[in-house]
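One-letter residues, chain by chain:
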Amino acid sequence: MDEALDVRWFDPNRINLLVGLSLFILFLFVNLRRARRAPSGLYIRTLPALQALDEAIGRATEMGRPVLYLPGLGDMSEVGTLAAVTISSRVARRVADMGCGLLVPCYDPVVAVLIDSATREAYTQAGRLDSYRSGTVQYVAAAQFAYVAAVTGLMLRERPAANVYMGSWYAESLFLAETGNETGAIQIAGCDQVTQLPFFVCSCDYTLLGEELYAASAYLGREPVQLATITAQDWAKILAAIVVVAAVVATFFGYTDIDKLLKTS
Amino acid sequence: MSHSVDTWIMALLTLCVFSFLYRDNPFYRFAEHLFVGAAAGYLLAVQYQNVLVPNMIRPLGRGNLLPLVPLALGIMLLGRLAEKTSSASRWALAFYVGIYSGIAVPAYMQAQIFAQLADATKPWQPGWGAINSALILIGFLTVLAYFFFSAPHRGLHGASARVGIWFLMVAFGASFGYTVMARVSLLIARVQFLLRDWLGVLPGA
């Protein structure tokens, strides 16, 4: 028998989530205002992996080889994939400006459609739509190891000069990064899956760790909305640190229930 | 040696894939293309049986017209195939990304932020366990300092971030060792299959 659906508009057990989200939205609007008034006023620290991106694309152009961009195995419900789609647009813009080839084999068909759209847009902005080849972004397989087999084969045959891995990765991370390493490509990775980060750290030249992936698109684009988002996240981190330190101090004074305030159903 | 056709196919395909260890070759390419093709066909069947039949075909058969909305959005996605209709796909994509972002943000906040904060604010363990609690607190604050983007890693903030990166690297090392161990056991299972189930040189076939 089907379980009855919960049709309530509001779940009181998640009021803490509402408060947290409201605070974050407040931080976001404050910083958005700041960013619109003076975009140069919002600072994002240097991310070496992204500084290397230009170098990698330049190297590919000099060598006459393509850049391979892999957007991970997540679908659009994953924040890492949203970041990967945004970064793909920035990478495509640089590739279009420099005039080298781009290959984007995708695992998820919807992600493939979105990246194709973003890439076309980037080529159009660069005034190089004529050099955009249909098939630059292609759906390969939605089965994990079939995708691995296809991409490793592609790496060995096309010999891209730069491999860029961005998004959510799972057990295939080491297979791909190790093969890419053997082909001698510059490898830049960004991943929000803690369990896969060690493999990228070992086998790539540069790695964006966890949240750096989300900051990457803001760093590359320098758009007010994205800069404001990163600054709002930093404010939220300060708040989180204050809450944790306050909770520890409070426990020494006998108040031990702060963790319960943060539990959600 | 096995007399089963299935086992022979599995063993030969395993060897085709292992041949990649030498270099790219026609055997590996054959296995690769077979794998990609079989996966595409299999997933098409799975999507039809698990998605289209229960969510669209059966409800439509019962007279429920609501599935026509996602069907229309799906057809609009195909609009990309022609230049004239490509703008229709943007509506479907916007709907798809909007829905997923709406679902992802609160779920992410609950699972990744509130759950971790709740653990970090738990009362300290008594006795020697307090050392663990202190390490968790130091790790939390210093790793958070590393992921602070609005200020350069200089001074006290820079020192905290450097401690944070050590915490991260220790965690990555532990995770790396654990996963490599799991991968080695997968390799052992494959070698066992070849030696026991296929060649029969190991006992227990």
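J.: I'm lost on the overall build of chain B in this one. Help?
T.: Secondary structure summary: chain B contains six helices and zero strands in total. Mapped from its N terminus to its C terminus, chain B presents α and β elements in the order α-α-α-α-α-α. Taking 2.2 N^0.38 as the reference for a compact globule, 205 residues should give roughly 17 Å; the C-alpha atoms of chain B span a radius of gyration of 27 Å, well beyond that estimate. Here the C-alpha coordinates of chain B stretch approximately 60 × 60 × 35 Å along the principal axes. Looking at chain B as a whole, 28% of its 205 residues are labelled buried. When contacts within chain B are restricted to residue pairs at least 6 apart in sequence, long-range pairs at least 24 apart make up 29% of them.

J.: Got a minute to help me understand helix α9 (residues 224–252) of chain A in this structure?
T.: Since there are 3.6 residues in each turn of an α-helix, residues three or four apart along the chain are aligned in direction. With 29 residues, α9 of chain A ought to run about 42 Å at 1.5 Å a step, and its terminal C-alpha atoms sit 42 Å apart, in line with that. One or two steps after α9 of chain A, the chain reaches glycine 254 of chain A, where phi turns positive at roughly 95°.

J.: So what exactly am I meant to see when it comes to the pairing of strand β2 (residues 102–106) of chain A here?
T.: Every other side chain in a regular strand lies on the same face of the sheet, so the side chains alternate between the two faces. Residue and element names in this part refer to chain A. Where burial is concerned, most of β2 is hidden: five out of the five residues are buried. Side-chain alternation along β2 places Leu102, Val104 and Cys106 on one buried face and Leu103 and Pro105 on a second face that is also buried. Direction of pairing for strand β1 (residues 67–70) relative to β2: parallel, over a ladder of two bridges. Paired with valine 67 across the strands is leucine 102, a residue of β2. Sheet topology note: the β2/strand β3 (residues 137–139) ladder contains three bridges and is parallel. Each bridged residue has a counterpart across the sheet, and for valine 104 the counterpart in β3 is valine 137. With helix α4 (residues 109–125) bridging β2 and the parallel β3, this β-α-β connection has right-handed handedness.

J.: What's the story with a nonpolar patch on the surface in this structure? I'm lost.
T.: Residue and element names in this part refer to chain A. A surface patch of nonpolar side chains, about 910 Å² in accessible area, is lined by Trp9, Phe10, Ile15, Leu18, Val19, Leu23, Leu26, Val30 and Leu239. The element best represented in the nonpolar patch is helix α1 (residues 15–37), accounting for six residues. Summarising the element assignment, leucine 23 is placed in helix α1.

J.: I would appreciate a short explanation of the sheet that holds strand β5 (residues 186–191) of chain A in the present structure.
T.: Strand pairs in the sheet, formed through backbone hydrogen bonds, run parallel or antiparallel to each other. Residues and elements named next belong to chain A. Ordered in space as β3-β2-β1-β4-β5-β6, the six strands form an open sheet in which the pairing is parallel. Across the chains shown, the open sheet's two edge strands, defined by having one partner strand only, are β3 and β6 (206–209). For this sheet, the mean inter-axis angle between neighbouring strands, taken without regard to orientation, is 15°. Taken together, the six bridges between strand β4 (residues 162–167) and β5 define a ladder with parallel strand orientation. Bridged to alanine 162 within β5 is isoleucine 186.

J.: So what exactly am I meant to see when it comes to the packing of α1 of chain A against α9 of chain A here?
T.: In helix packing, the relevant descriptors are the interaxial angle and the interaxial distance, both defined with respect to the helix axes. Residue and element names in this part refer to chain A. Relative orientation of the contacting elements α1 and α9 amounts to 135°, with a least axis distance of 8 Å. Between α1 and α9, the angle falls in the class oblique. Here α1 and α9 pass one another in a crossing that is right-handed. Of α9, the residues touching α1 (which contributes Leu23, Phe24, Phe27, Leu28, Val30, Asn31, Leu32, Arg34, Ala35 and Arg36) are Pro224, Val225, Ala228, Thr229, Thr231, Ala232, Gln233, Trp235, Ala236 and Leu239. Classifying every residue of the contact of α1 with α9 by side-chain character gives 14 nonpolar, four polar and two charged.

J.: What exactly am I supposed to notice about the state of the cysteines here?
T.: In a disulfide, the sulfur atoms of two cysteines are held together by a covalent bond. Enumeration according to the criterion identifies zero disulfides over all chains in this entry. Cysteine 100 of chain A forms no disulfide, and the closest cysteine sulfur to it belongs to cysteine 106 of chain A, at a distance of 17 Å.

J.: What is the right way to read the confidence of the model for chain B from this model?
T.: Should pLDDT be low for a region, the predicted coordinates there are not to be read in detail. Within chain B, residue pLDDT values average 90, and 100% of them lie at 70 or more. Both scores are available for the predicted complex, with the pTM at 0.84 and the ipTM at 0.84.

J.: Could you clarify how one ought to interpret the environment of tyrosine 147 of chain A in this entry?
T.: Residue and element names in this part refer to chain A. With respect to the helices and strands, tyrosine 147 occurs in helix α5 (residues 144–158). Under the relative-accessibility criterion, tyrosine 147 is labelled buried at 0%. Separated by 25 residues in sequence, tyrosine 147 and glutamate 172 place their C-alpha atoms 8.8 Å apart. Ignoring sequence-local partners within four residues, the contact set of tyrosine 147 consists of Leu70, Pro71, Leu73, Pro105, Cys106, Tyr107, Val140, Ala141 and Leu176.

J.: Quick question: what am I supposed to make of the domain arrangement of chain A here?
T.: The accessible area lost on association of the parts is a frequent measure of interface size. Residue and element names in this part refer to chain A. Partitioning chain A into domains gives domain 1 (25–43 + 227–258) and domain 2 (48–221). Put simply, the middle of domain 1 and the middle of domain 2, counted by C-alpha atoms, are 31 Å apart. Taken together, the contact pairs four residues of domain 1 with four residues of domain 2. Between domain 1 and domain 2 the total buried area reaches about 310 Å² when both faces are included, carbon and sulfur atoms providing 58% of it. Summed over the shared surface of domain 1 and domain 2, the result is one salt bridge. Notably, a salt bridge pairs glutamate 211 with lysine 237, separated by 3.1 Å at the nearest N-O pair. At the junction of domain 1 and domain 2, the tally comes to one residue pair in polar contact (both at pLDDT 80 or more). Of the residues contributing to the side of domain 1 that touches domain 2, the split by class is two nonpolar, one polar and one charged.

J.: When you look at the confidence of the model for chain A in this model, what are you seeing that I'm missing?
T.: Model confidence for chain A is summarised by a mean pLDDT of 90, while 98% of its residues fall at 70 or above. Confidence scores differ between elements of chain A, with helix α10 (residues 258–261) of chain A showing the lowest mean pLDDT of 79 and β1 of chain A the highest of 97.

What counts and what doesn't
Position labels on residues start from 1 in each chain and follow its written sequence. Key to labels: chains lettered from A, ligands numbered from 1, both in the order written. Local features are withheld for residues below a pLDDT of 70 in this predicted model, meaning they are given only at 70 or higher, and side-chain atom pairs are given and counted only at 80 or more; totals for whole chains, interfaces and linings count all residues. Values reported for side chains reflect all heavy atoms of the structure, with hydrogen atoms and water molecules removed beforehand. Put simply, DSSP H or I for four residues or longer makes a helix, DSSP E for two residues or longer makes a strand, and each gets a number counted from the N terminus. C-alpha atoms define the radius of gyration, and 2.2 Å times the number of residues to the power 0.38 defines the globule rule. To sort residues, take the accessible area from a 1.4 Å probe on protein chains only and compare it with the maximum for the residue type: under 20% means buried, over 50% means exposed, and anything in between is partly exposed. Throughout, a residue-residue contact means that at least one pair of heavy atoms, one from each residue, lies within 4.5 Å. Here a helix's expected span is defined as the number of its residues, less one, multiplied by 1.5 Å. A pair of strands counts as paired when DSSP detects no fewer than two bridges linking them. Every crossover in which the path from the first strand over the helix to the second runs clockwise, viewed with the strands pointing away from the viewer, is termed right-handed. Nonpolar side chains (Val, Leu, Ile, Met, Phe, Trp, Tyr) within 5 Å and like charges within 9 Å form the patches, drawn only from residues with over 30% relative accessible area and no salt bridge. Shrake-Rupley sampling with a 1.4 Å probe provides the accessible areas, and residues are treated as covered by the protein chains on show and by no other component. One speaks of a salt bridge when a side-chain nitrogen belonging to Lys or Arg is within 4 Å of a carboxyl oxygen belonging to Asp or Glu. A fitted line through C-alpha atoms represents every axis, and for helices the fit uses only the stretch in contact; the resulting angles, taken between N-to-C directions, go from 0 to 180 degrees. Angle categories are assigned with fixed cut-offs, so that under 35 degrees is roughly parallel, over 145 is roughly antiparallel, 65 to 115 is roughly perpendicular, and the rest are oblique. Note on convention: the crossing is left-handed when the near helix lies turned anticlockwise from the far helix by less than a right angle, right-handed when the turn is clockwise. Residue type decides the class: Asp, Glu, Lys and Arg count as charged, Ala, Val, Leu, Ile, Met, Phe, Trp, Tyr, Cys and Pro as nonpolar, and the leftover types, Gly among them, as polar. Two cysteine sulfur atoms form a disulfide, by the criterion used here, when they sit within 2.5 Å. On a scale of 0 to 100, pLDDT captures the predictor's confidence in every residue. Reported domain spans reflect what an automatic or database domain assignment gives. Two parts placed together each lose some accessible area; with a 1.4 Å probe, that loss summed over both constitutes the buried area. Counted as a polar contact is a pair of N or O atoms within 3.5 Å, where, for protein atoms, one must be capable of donating a hydrogen and the other of accepting one, and residues adjacent in sequence contribute only when both atoms are in side chains.

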